[in-house]
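A structural walkthrough
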Amino acid sequence: MVMGFVNVLKPPGLTSHDVVQNLRRLLKVKRIGHGGTLDPLAAGVLPVAVGTATRLLEYLQGGDKAYRAEFILGLKTDTQDLGGRVLARKPCPPFTEKDLQAATRPFTGTIRQVPPMVSAVHYQGRRLYELAREGLEVERPARQVTIHEFRLIRAWPDGPYYRALIDITCSRGTYIRTLGADWGDYLGVGATLAFLLRTRAGSFRLTDAWTLEEIAGAIDRGERTFLLPPAAGLAHLPVIIVPGEFIRHVSNGVAIKGDVCRPLPSLREGDIVRLETGEGQLLALARVEPDTRGSFLLKPHKVLK
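Computed from a prediction, not measured in an experiment: that's the story for all the values here. (Residues numbered from 1 in each chain as written. Predicted model: local features only at pLDDT ≥ 70, side-chain atom pairs only at ≥ 80, totals over all residues. Heavy atoms only, no water.)

Thoughts on the packing of helix H1 (residues 16-27) against helix H6 (residues 212-220)
For the pair H1 and H6, the least separation of the axes is 11 Å and the interaxial angle reads 5°. Regarding the angle of H1 to H6, the classification is roughly parallel. Judged by residue contacts, Val19, Asn22, Leu23, Leu26 and Leu27 of H1 engage Leu212, Ile215, Ala216 and Ile219 from H6. Taken together, the residues that form the contact of H1 with H6 break down as eight nonpolar, one polar and no charged. (Axes fitted to C-alpha atoms, helices over the stretch in contact; angles between N-to-C directions. Helix = DSSP H or I, 4+ residues; strand = E, 2+ residues; numbered from the N terminus. Parallel < 35°, antiparallel > 145°, perpendicular 65-115°, else oblique. Contact = heavy atoms within 4.5 Å. Nonpolar A, V, L, I, M, F, W, Y, C, P; charged D, E, K, R; others polar.)

Let's talk about the sheet that holds strand S16 (residues 256-257)
Paired through their backbone hydrogen bonds, the strands of a sheet run either parallel or antiparallel. Taken together, the five strands give an open sheet; going across it, the order is S15-S17-S18-S19-S16, and neighbouring strands pair in mixed fashion. Where the open sheet ends on each side, the last strands, each with one partner, are strand S15 (239-241) and S16. Across two bridges, S16 lies against strand S19 (residues 296-303) in antiparallel orientation. Across the sheet, the residue bridging to Ile256 is Leu298, located in S19. (Pairing = 2+ DSSP bridges.)

Quick word on the layout of surface pockets
Roughly 1,300 Å³ of internal volume is contained in the largest pocket. Around the largest pocket, the lining comprises 39 residues; the ones closest to its centre are Thr37, Asp39, Ser119, Ala120 and Tyr175. Of all elements in the fold, only H1, strand S4 (65-73), helix H4 (128-133), strand S10 (143-156), helix H5 (176-187) and strand S12 (191-201) reach the threshold of two or more residues within the lining of the largest pocket. Taken together, the residues of the lining of the largest pocket break down into 16 nonpolar, 14 polar and nine charged. There are two domains that each give the lining of the largest pocket at least three residues, and those are domain 1 (4-63 + 203-228) and domain 2 (65-201). Put simply, the second largest pocket is a space of about 400 Å³. Lining the second largest pocket are 20 residues, and of these Thr77, Asp78, Thr79, Leu87 and Glu137 lie nearest its centre. Elements with a contribution of two residues or more to the lining of the second largest pocket: strand S5 (75-77), H5 and S12. (1 Å grid on protein atoms, 1.4 Å probe; cavity = no way out; pocket = protein on both sides within 12 Å on 5 of 7 lines; lining within 4 Å. Points joined across faces, edges and corners; volume = space filled by probe spheres on them. Domains from an automatic or database assignment.)

A look at the domain arrangement of the protein
Along its sequence, the protein is carved into domain 1 (4-63 + 203-228), domain 2 (65-201) and domain 3 (239-303). Put simply, the middle of domain 1 and the middle of domain 3, counted by C-alpha atoms, are 29 Å apart. Across the boundary between the two partners, domain 1 contributes four residues, which contact six residues of domain 3. Both faces combined, the contact of domain 1 with domain 3 buries some 460 Å², and carbon together with sulfur accounts for 58% of it. When the buried surface of domain 1 facing domain 3 is broken down by residue, Arg55, Leu56 and Tyr59 rank first, second and third, together holding 93% of it. At the surface where domain 1 touches domain 3, the tally comes to one salt bridge. At the junction of domain 1 and domain 3, the tally comes to three residue pairs in polar contact (both at pLDDT 80 or more). Class assignment of the residues belonging to the side of domain 1 that touches domain 3 gives a composition of two nonpolar, no polar and two charged. (Buried area = accessible area lost by both parts, 1.4 Å probe. Salt bridge = Lys/Arg side-chain N within 4 Å of Asp/Glu carboxyl O. Polar contact = N/O pair within 3.5 Å; in protein donor to acceptor, adjacent residues only side chain to side chain.)

Right under this line is the structure:
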């Protein structure tokens, strides 16, 4: 049975669904899904879960993501990227790189962001992008996201447009095109996303990503080195080693007391942890729950069999 994660390098031009369909055909597996949509024009890391690892996708998406983005200052479109209709053009003043970096400060930390109309957010049973294709625009509530890093790499003031290259590290649910558009509005000139590369999604990094062509070649050679174990996508969750005599309990979904496991990380009620064997095999994800005797229980939440 094929099970695990694949760190795919999505090329521009394909949707995330296209990538999943390609892998479904290559691996001959029906149960498969991706861990965080990348827009068709974007490229970079797209984690894909195969087999029962799809049950872990909701936890994979809890990890932070990192991007390299190029924005055009002085240009606004209705999609906040170059695929949209131009709404406004405005000449840029002689910004210095210090000016641009200083303007990122209000967008660093915990901020509120309105999802773009071209997003996949649901509105009354439909996706926003479906409404946008019909020329409709609706009110969208702002969402809270966290921007850990918003750092200017380089700026090019010369040429037909003022361009800026930015590195961004953020929480899940962040819309990079909207972050850039809001930043451009703060600068007084607007901004549009010209290029986007996801360099990291949780523990999956660009340097370790496989193209679809490389995956196809490995399969032709009878290799599966691109297929990572289920735990590979959960590096942000604490690990607890289950003693051998309690492995069967966990595999049967039975809660075990935390004090039978050593050593233990610092945990709080409600935390999700990985329960593994001493050999590194992922047994289950468990939730930390209080015990009547003052300790705590590790209650299996997702059991892998």
